[in-house]
Number of protein chains: 2
Amino acid sequence: MTILDAQQQAARDWFESLRTRICTAFEEIEREAGSEASFDYIAWDREGPGVAPGPLSQGGGGGGVRGVMKGKVFEKVGVNVSTVGGEFSPDFAGQIHGAAEDPGFFATGISLVAHMANPHVPAVHMNTRFLVTTKRWFGGGADLNPPIPYAEDTEAFHAQFRAACQPYGPDVYERYAKWADDYFFIPHRGVARGVGGIFYDHLEVDNEAMFERNFGFTRAVGEAFLAAFPPIVRRRMNTAFTEEDIRQQRIWRGRYAEFNLVHDRGTLFGLRTGGNIDAILMSLPPLAAWE
Amino acid sequence: MTILDAQQQAARDWFESLRTRICTAFEEIEREAGSEASFDYIAWDREGPGVAPGPLSQGGGGGGVRGVMKGKVFEKVGVNVSTVGGEFSPDFAGQIHGAAEDPGFFATGISLVAHMANPHVPAVHMNTRFLVTTKRWFGGGADLNPPIPYAEDTEAFHAQFRAACQPYGPDVYERYAKWADDYFFIPHRGVARGVGGIFYDHLEVDNEAMFERNFGFTRAVGEAFLAAFPPIVRRRMNTAFTEEDIRQQRIWRGRYAEFNLVHDRGTLFGLRTGGNIDAILMSLPPLAAWE
């Protein structure tokens, strides 16, 4: 697994180019708001027992690049890309699709969480990934997290993902939107964490045609995110807000932190595979309240 | 298990009287700072599948009282007492001492977390409990969590617990302080959450003499807390602080939230046994930052 195969390289290249396009789009919004904020990029190596530093192509465990911007519109946004590989720990391997017999794995993906300064602008999450064990599959999702929800924003967000899903089957959007509702749920409070989106996993790649199809779907999800979110930000970023709106935003962010620390599988995966702690917990809100 | 036995009643009475003394002591500190803040008390019933509301003595699942004060010195302090009973869920019973064969349980205890307004005043946690399954035991602990540590405070805090442990054996304090260091540790960051204290568990009660001894120890821990913490608060509550101190306090509180949501056994116990969500998560800080 020292040299990426064509599928691994193609997936990785996509995630990195998507990262660049998203970060550029977000920086443009900052310019429109009169801010000079831009992303800082910090490279990190995967760490862990027996993991050599350095890129996979040189026998290391891989790593990633954490991009963070603290702006006027984007109070804190993190966009991570990572490409890691090695072996799962024995107790963790049993929990991962296709890793029970052989703990070797490869994972490449993009992960994004944006916490917005204005409580009228929704926070957002997007993550897509390509995993290789004895199986290969794509997974991902995106969901909108407004402290103050607007039906217009929710509908616009879902509309883009509905359109992205449409070529892949008549029931695809419905199934993945339902999966998002089930997944982005805070069981200990019995409430949804936001207004949903889509969630999908185990889009299996058994042959080249399935790779093309499922990689195509994953790209469509990325494009849908890029089409959906910036217009929502522009629509709300100049809305006046009150101290009480900020209070609600902070309480709502507390729930978001609870979800990520107690339930989120991506967080667990990162913590269990020697991911970079700052990259993994970059999803946590800049300021959260529990009153 | 509908009527508490003498041990259960004695433990419950102690936890409730300790709560009253602690809350009174904390309100006195608020008075000294010129504040009229006082505790609000909210009673709650245990909930869950098949759990009847109401006190154990009337066949219900029990419940508790959540006390919260938001003051000038105590930015947010919660003191919970609860007395609950019933049956553990099958998957949880196997994880609990003495519950693998019989899922019936009784638990009574006090749990306290104080987040302080002034970053020079340490936050603090204290919890003691009496558990009954096919076994009976006491457990508990306390630890000091200063955003800005002072050796004088750390030593004063530990001195009270050292004195409380001393009659119970020459190595008791050392063992329980070590246990606290091991337990109050944030593994994903590789750092201690505070400056320690004591932690103990499974102080078994196989007969009346062992009940007297271990109940006596648990009372001594409560008394040590009451002797230790108010003087530390008084020593630091008027120290001038800066914006940067507040910033450090909020970042530090983020770590505290991480510990409680990812690792804390008491939090897990509460979530798995139908505890009151507001009481369980009362430990979370009023305002926390992840920059």
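Residues numbered from 1 in each chain as written. Chains lettered and ligands numbered in written order. Predicted model: local features only at pLDDT ≥ 70, side-chain atom pairs only at ≥ 80, totals over all residues. Heavy atoms only, no water.

So, the sheet that holds strand β2 (residues 62-69) of chain B
Residue and element names in this part refer to chain B.
- Here we have seven strands laid out as an open sheet, ordered β1-β2-β3-β4-β5-β6-β9, and antiparallel in their pairing. A strand with exactly one partner marks an edge of an open sheet, and here the two such strands are β1 (40-45) and β9 (197-204). Direction aside, the axes of adjacent strands within the sheet are offset by 5° on average.
- One ladder, built from 13 bridges, connects strand β3 (residues 74-87) with strand β4 (residues 104-116); its direction is antiparallel. Along β4, the bridge assignment pairs Val79 with Leu112.
- Helix α5 (residues 208-236) rests against β3, β4, β5 (123-132), β6 (136-145) and β9 of the sheet, and its axis sits at about 165° to β9. (Pairing = 2+ DSSP bridges. Helix = DSSP H or I, 4+ residues; strand = E, 2+ residues; numbered from the N terminus. Axes fitted to C-alpha atoms, helices over the stretch in contact; angles between N-to-C directions. Contact = heavy atoms within 4.5 Å.)

Some remarks on the pattern of salt bridges
Residue and element names in this part refer to chain B.
- Summed over all chains, the structure comprises 36 salt bridges over all chains.
- We note a salt bridge from Arg235 to Asp153, for which the minimum N-O separation is 2.9 Å. Of this pair, Arg235 sits in helix α5 while Asp153 sits in helix α3 (residues 151-165), and the two are 82 residues apart along the sequence.
- The exposure class assigned to Asp153 is buried, which follows from its relative accessible area of 2%.
- Taking the shortest distance from any N to any O, the salt bridge between Lys178 and Asp182 comes out at 2.8 Å. Separated by four residues within a single helix, Lys178 and Asp182 lie in helix α4 (residues 172-183), roughly one turn from each other.
- Residue classification places Asp182 among the partly exposed positions, given a relative accessible area of 46%. (Salt bridge = Lys/Arg side-chain N within 4 Å of Asp/Glu carboxyl O. Buried < 20%, exposed > 50% of the residue type's maximum accessible area, 1.4 Å probe, protein only.)

Looking at the environment of B:Leu281
- Structurally, B:Leu281 is set in the loop between α8 (277-280) and β10 (287-289).
- Taking C-alpha positions, B:Leu281 is 17 Å from B:Arg250, a pair spaced 31 residues apart along the chain.
- Leaving out residues up to four positions away in the same chain, B:Leu281 has contacts with A:His188, A:Arg189, A:Glu258, B:Lys76, B:Leu261 and B:Thr267.

What about the sheet that holds strand β3 (residues 74-87) of chain A?
Residue and element names in this part refer to chain A.
- As summarised here, the arrangement of the seven strands in space is β1-β2-β3-β4-β5-β6-β9, forming an open sheet in which the pairing is antiparallel. Since the sheet does not close on itself, it has two edges, and those belong to β1 (40-45) and β9 (197-204), each with one partner. Each adjacent strand pair in this sheet contributes to an overall mean axis angle of 5°, direction not counted.
- With nine bridges connecting them, strand β4 (residues 104-116) and strand β5 (residues 123-132) associate as antiparallel partners.

Section: the confidence of the model for chain A
- For chain A, per-residue confidence averages 94 on the pLDDT scale, and 99% of positions sit at 70 or higher.
- The complex model carries a pTM of 0.91, and its ipTM stands at 0.88. (pLDDT = per-residue confidence, 0-100.)

Concerning the interface of chain A and chain B
- Across the boundary between the two partners, chain A contributes 21 residues, which contact 21 residues of chain B.
- Summing both partners gives a buried area of about 1800 Å² for chain A against chain B, and 68% of it is carried by carbon and sulfur.
- At the surface where chain A touches chain B, the tally comes to seven residue pairs in polar contact (both at pLDDT 80 or more).
- Secondary structure elements with two or more residues in the side of chain A that touches chain B: α6 (243-262), α8 (277-280) and β10 (287-289) of chain A.
- Of the residues forming the side of chain A that touches chain B, the biggest block, five residues, is contributed by α6(A).
- In terms of residue class, the side of chain A that touches chain B is made up of 13 nonpolar, one polar and seven charged.
- As judged from the three bridges shared by β10(A) and β10(B), these two strands associate in the antiparallel manner. Residue pairing in the sheet places A:Ala289 in a bridge with B:Leu287 of β10(B). (Buried area = accessible area lost by both parts, 1.4 Å probe. Polar contact = N/O pair within 3.5 Å; in protein donor to acceptor, adjacent residues only side chain to side chain. Nonpolar A, V, L, I, M, F, W, Y, C, P; charged D, E, K, R; others polar.)

A look at the packing of aromatic side chains
- One pass over the full model with this rule turns up 51 aromatic pairs over all chains.
- Taken together, a centroid distance of 6.4 Å and an interplanar angle of 55° make the contact between A:Tyr176 and A:Trp179 tilted. Of the two residues, A:Tyr176 and A:Trp179 both sit in helix α4 (residues 172-183), three residues apart, roughly one turn of that helix.
- Take A:Trp179: its relative accessible area is 29%, and that puts it in the partly exposed class.
- Taking 5.6 Å as the distance between ring centres and 80° as the angle between the ring planes, the aromatic pair formed by B:Phe88 and B:Phe92 counts as edge-to-face. Accessibility classification places B:Phe88 together with B:Phe92 in one group, the buried group.
- A connected cluster of aromatic rings, assembled from ring pairs, spans A:Tyr168, A:Tyr176, A:Trp179, A:Tyr183, A:Phe184, A:Phe199, A:Tyr200, A:Phe217 and A:Phe259.
- In this arrangement the basic side chain of A:Arg236 is found over the ring face of A:Tyr150, its NZ or CZ atom lying 3.7 Å from the centre. (Phe/Tyr/Trp six-rings, centres within 6.5 Å; stacked < 30°, edge-to-face > 60°. Lys NZ or Arg CZ within 6 Å of the ring centre and 35° of its normal.)

Notes on the packing of helix α1 (residues 6-32) of chain B against α5(B)
Residues and elements named next belong to chain B.
- Packing of α1 against α5 leaves a shortest axis separation of 11 Å and a crossing angle of 5°. As the angle between them shows, α1 and α5 are arranged roughly parallel.
- Residues of the contact of α1 with α5, tallied by class, amount to 16 nonpolar, three polar and seven charged. (Parallel < 35°, antiparallel > 145°, perpendicular 65-115°, else oblique.)

Quick notes on unusual backbone geometry
Residues and elements named next belong to chain A.
- Backbone geometry at His202 places phi at a positive 55°, although glycine is not the residue there.
- Assignment of secondary structure puts His202 in strand β9.
- Under the relative-accessibility criterion, His202 is labelled partly exposed at 34%.

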